[in-house]
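# A structural walkthrough
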Amino acid sequence: MTPVSETGDPVSKAPAPTGLAAGPQSIVPQGFGATMPGAPSVNSAFPAGQNAVDGGLQAVTPVPGRSNSGITIGTLQGVDASSAGLIGENDGGFGTNMWLGATRADVDTYLAVMPVATGSPAVDDLSRRLLLTSATPPEGEASGTSLLALRLDRLIASGHADLAAELGRSAQADKTPAVVVARAKAALATGKTQDACAALADLPTGSDPAHDETAAFTLKLSAYCQISSGNKTAAGLTLDLAREEALDDPLFFSLAYQASDGVKLKAAEPKKLDILDVAFYKLAGRDLPKNAAAMVPPAMLADLSKDGKLSVEARIGAGEHAAADGLIKGEDLAALYRLPKFTADDIDGVKAGTYPASQELRRALLFQAIDAEVSPVDRAELMSTFLATGDSVGLSAATTAVLLPMIKQLTPSPTLRMFAPVAVRTFLLAGDRSQAQSWYALVGSASVPPAGAQAGLEPVGGSLGREARVLGALMRISDPKGPGGDPDQVAADIVADLRSGVAANQNFGALEAMLLDAQGYPLPQPVLDALPLAPKSQGAPEALLNQLHAAGLKGSVGEVVLLSLVAIGPGGPDRADRQALAQSVSSLRAVHLDGEARRLATEALMGRSHAGPG
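What comes next is a walk through the structure. (Residues numbered from 1 in each chain as written. Predicted model: local features only at pLDDT ≥ 70, side-chain atom pairs only at ≥ 80, totals over all residues. Heavy atoms only, no water.)

## Quick notes on empty space enclosed by the protein
The rolling of a water-molecule-sized probe over the atoms marks out the regions of remaining empty space. Taken as a whole, the largest cavity spans an internal volume of roughly 80 Å³. In terms of lining, the largest cavity is formed by Ser 82, Met 98, Trp 99, Leu 111, Leu 130, Leu 131, Thr 133, Ala 135, Pro 137, Leu 147 and Arg 151. Going through the elements one at a time, helix H3 (121-132) and helix H4 (147-157) are the ones with two or more residues in the lining of the largest cavity. (1 Å grid on protein atoms, 1.4 Å probe; cavity = no way out; pocket = protein on both sides within 12 Å on 5 of 7 lines; lining within 4 Å. Points joined across faces, edges and corners; volume = space filled by probe spheres on them. Helix = DSSP H or I, 4+ residues; strand = E, 2+ residues; numbered from the N terminus.)

Following this line, the structure appears as C-alpha cells:
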C-alpha cells in the first residue's frame, strides 16, 4: 500500500486513524560403552469461524538410514494432549514409553532449551523425531508449562511449522494459552490466516500487554485479524488500547497503521523479526529488510526463498539457510542458484578467481560454472571450491545437498584422486557409506607422520597427506559393523596426532579415541597413555553428563535423546565438547540407537577434521 503521509513523529504521538472516536574429570568419562537396557471481542476481531480440519494424510521426510520411504501421519482422535504425536515406533518414533524413568520437571526444563535448527542432519533428525513421537507423558509434577506447548514451540523454532500445526490439530482439546499461541504462530507461518485468527477465541483477554508476552501477542494478533478482515474501526480501537497499555513495539505500530490507514510511521530498523512481524510486513505491503534471511525464524525461510519481491541474493540466502536446516530440498536450492543472470565472461572468470563480492552470488556463480563445465577434472575442482565456501559459513549440509546429484555423476578414477576426500566426506554426510567407500579406495592407506612432525590438515605437494589419515578415521568410525581396523595402526594414527604438537591434530586424535571407546572399541594402551597430551576440552556440565549416563543405564530413550541434544548444544557436533559427544554416543548405544550414535560420531569427527575447537 502506498503511504499517504510521512509524519516523522514518534509512534506514541501518532494521530488516531480514520473512523475512531476520539563434568567427569577423566578424559574418557566413566560409563562409556554401557549396553544395559479487555480487548475487543473475538467476534469483532475476526468474524470467520475456524475451518474444518482436514483429516487427510500427509507425507513426511523419511528418517535417514531407515528403509521406509516416508512416514505417514494423520490426525489422532481421542488422545491425551500431552501424549499426542504424529509418529509411532515403526515410523521413526522412540516409542510410547520413551519417557519411562524420566521426571516431568527434567523434561520440561530441558525441552525448553533443547537446540534445534543446528545445521547438523544427525542432531536435527533426532530433535524432530523426539518432538513428534506419541508417548506417555513423564511422571511427576509439571513445571506449569504445557508439555504440548513446549513441543510446538520447539517444532516452530526448528522451522517445521507445518508439523507443529498438524500436531496442534491432533490435540485440539488442549486450550491452554501457550498451546493456542503456538497453534496461531504455526498457522501464520504456513499461511493459514483464518486458522490463526480463529485461535483468538481461546486466548485470554484483559492482561497487561506491556509485561505479558501472551497478552501482547493476543493484542497484536487481534489487530492483524481485524485489518485483514477489513474491520478498520475495530483495528483502530485495538491500536488505541495497545498504546494506552504502553505496549512498546514501534515496528508493530508502524506496520499496523500502514496496513490499516496507509499512515507510515517511522520505526527503527529491526534486528530480528518474528512470525507475526513478517505477517504484518505482508499485510502492510512493505518490503522486508534486505537481510531478512538472517532476521526471520527458520519457519519463514522457505517462503522467503520463493518471494519474488525479494532480491535474488536475499532469496538465495534464505534458501541456503532453509536447506541447511532440512526445510527445502537440494534441487530447490539448485533452482535458486540458477536465478542470477551471469554472462559467459563471468563464468569464465571463476577459474581466474574472479567472483562477486556477495557470498550468496559467489556460490551461485560457482554452481552455474559447475553446471557449464564439461571436463570431469575441472568440474571436480570447482565442486571442491564450492563446498569449501559453504563449509566456511556453516552451510555444509546445504552445499552437500545441492551438489550431491552432480557428484553422483562422477566415476571414481585415478585422475580424480585429489577429489576423493571431498567425495568421501560428501557421501558420509549424506549417509551413503557405500559410495564413500568407492571413493575411499582411491585414497590408499594412511601414512603416519613421524612423532612431533608439524603435519598440516590439507593435502600437500600433490599428495593426499593428512587427508589419508583423516579419511581412514572417518571410514572406521562410520562402519555399521562397528569400529574396526588393525589395533596397531589405530594406535599409531592416534598417538602420532596426540604427540604432534599441533592442536588441531591433537583434538582430532583425542576425539577419535573417545568416540571409538564410546562405540565399544577397546583402546590400545599406547592411546590411553598419550591421551593426557591432548589440549583440555571445553568442558561440559558434569551433572548433565552424569544424568545422561544414568539415563542410558536405565533405558530411558527419550531422556537420553533429549539430554544428548542439550549436551551437544546449539552449535551441533562441530562445536560440541568432546566429553559431551562421547557420552552422547555411548548413551545412544545403550538405548539401542546404534545407527543414530554412529551418524553423530561421524559428523562430530568430520567437524574436527578441519582446525577448530576441541
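## A short note on the nonpolar core
Ranked by internal contacts, the top residues of the largest apolar core, which has 187 residues, are Leu 221, Leu 403, Phe 419 and Trp 439. For Phe 419, the residues in contact, after removing those within four places along its chain, are Ala 380, Met 383, Ser 384, Ile 407, Leu 410 and Trp 439. (Core = buried A, V, L, I, M, F, W, Y, C linked by side-chain atoms within 4.5 Å. Buried < 20%, exposed > 50% of the residue type's maximum accessible area, 1.4 Å probe, protein only. Contact = heavy atoms within 4.5 Å.)

## Here we look at the packing of aromatic side chains
On inspection of all chains with the given rule, the structure shows 7 aromatic pairs. Both rings, one in Tyr 224 and one in Phe 280, keep their centres 5.4 Å apart while their planes meet at 80°; by these two values the pair is edge-to-face. Separated by 56 residues along the polypeptide, Tyr 224 in helix H8 (residues 213-228) and Phe 280 in helix H11 (residues 275-284) bring together distant segments of the chain. Exposure class is identical for Tyr 224 and Phe 280. Each is buried. Here the aromatic residues Tyr 224, Phe 252, Phe 253 and Phe 280 are joined through ring pairs into a cluster of three or more. (Phe/Tyr/Trp six-rings, centres within 6.5 Å; stacked < 30°, edge-to-face > 60°.)

## Describing the side chain of Arg 104
With respect to the helices and strands, the residue Arg 104 is situated in helix H2 (residues 104-113). Its relative accessible area of 9% is what places Arg 104 among the buried residues. In contact with Arg 104, other than residues within four places in its own chain, are Pro 138, Glu 139, Gly 140, Glu 141, Ala 142, Thr 145, Ser 146 and Leu 147.

## Here's the deal with the state of the cysteines
The full count for this structure, using the stated rule, is 1 disulfide. What pairs with Cys 197 in a disulfide is Cys 225, and their sulfur atoms sit 2.0 Å apart. Note on the Cys 197 and Cys 225 pair: the S-S dihedral is about -95°, so by sign convention the disulfide is left-handed. Separated by 28 residues along the polypeptide, Cys 197 in helix H7 (residues 193-198) and Cys 225 in helix H8 bring together distant segments of the chain. (Disulfide = S-S within 2.5 Å.)

## Re the environment of Leu 528
Position of Leu 528 among the secondary structure elements: in helix H24 (residues 525-530). You can call Leu 528 partly exposed: its relative accessible area is 37%. For the pair formed by Leu 528 and Val 495, sequence separation is 33 residues and the distance between their alpha carbons is 9.1 Å.

## Concerning unusual backbone geometry
At Ala 117, a position not held by glycine, the phi torsion is positive, near 50°. With respect to the element layout, Ala 117 can be found in the loop between H2 and H3. For Ala 117, a relative accessible area of 24% corresponds to the partly exposed category. Phi at His 592 takes a positive value of approximately 65°, unusual for a residue other than glycine. Within the fold, His 592 resides in the loop between helix H27 (578-590) and helix H28 (594-607).

## Side note on the packing of H3 against helix H26 (residues 557-568)
Running from amino to carboxyl end, H3 crosses H26 at an angle of 140°, the nearest separation of the two axes being 10 Å. Between H3 and H26, the angle falls in the class oblique. Our pair here, H3 against H26, has a crossing hand that is left-handed. When H3 is examined against H26, the residues Val 123, Leu 126, Ser 127 and Leu 130 are found in contact with a partner set consisting of Gly 558, Val 561, Leu 562, Leu 565 and Ile 568. (Axes fitted to C-alpha atoms, helices over the stretch in contact; angles between N-to-C directions. Parallel < 35°, antiparallel > 145°, perpendicular 65-115°, else oblique. Left-handed = near helix turned anticlockwise from the far one by under 90°.)

## A few points about the pattern of salt bridges
Enumeration according to the criterion identifies 19 salt bridges in this entry. Across the pair Arg 169 and Glu 166 runs a salt bridge whose closest N-O atoms are separated by 2.8 Å. Taken as a pair, Arg 169 and Glu 166 lie in helix H5 (residues 161-170) at a separation of 3 residues, close to a single helical turn. We note that Arg 169, like Glu 166, is buried. Look at the salt bridges and you will find they share partners, linking Arg 466, Arg 469, Arg 476, Asp 493, Asp 497 and Glu 512 into a network. (Salt bridge = Lys/Arg side-chain N within 4 Å of Asp/Glu carboxyl O.)

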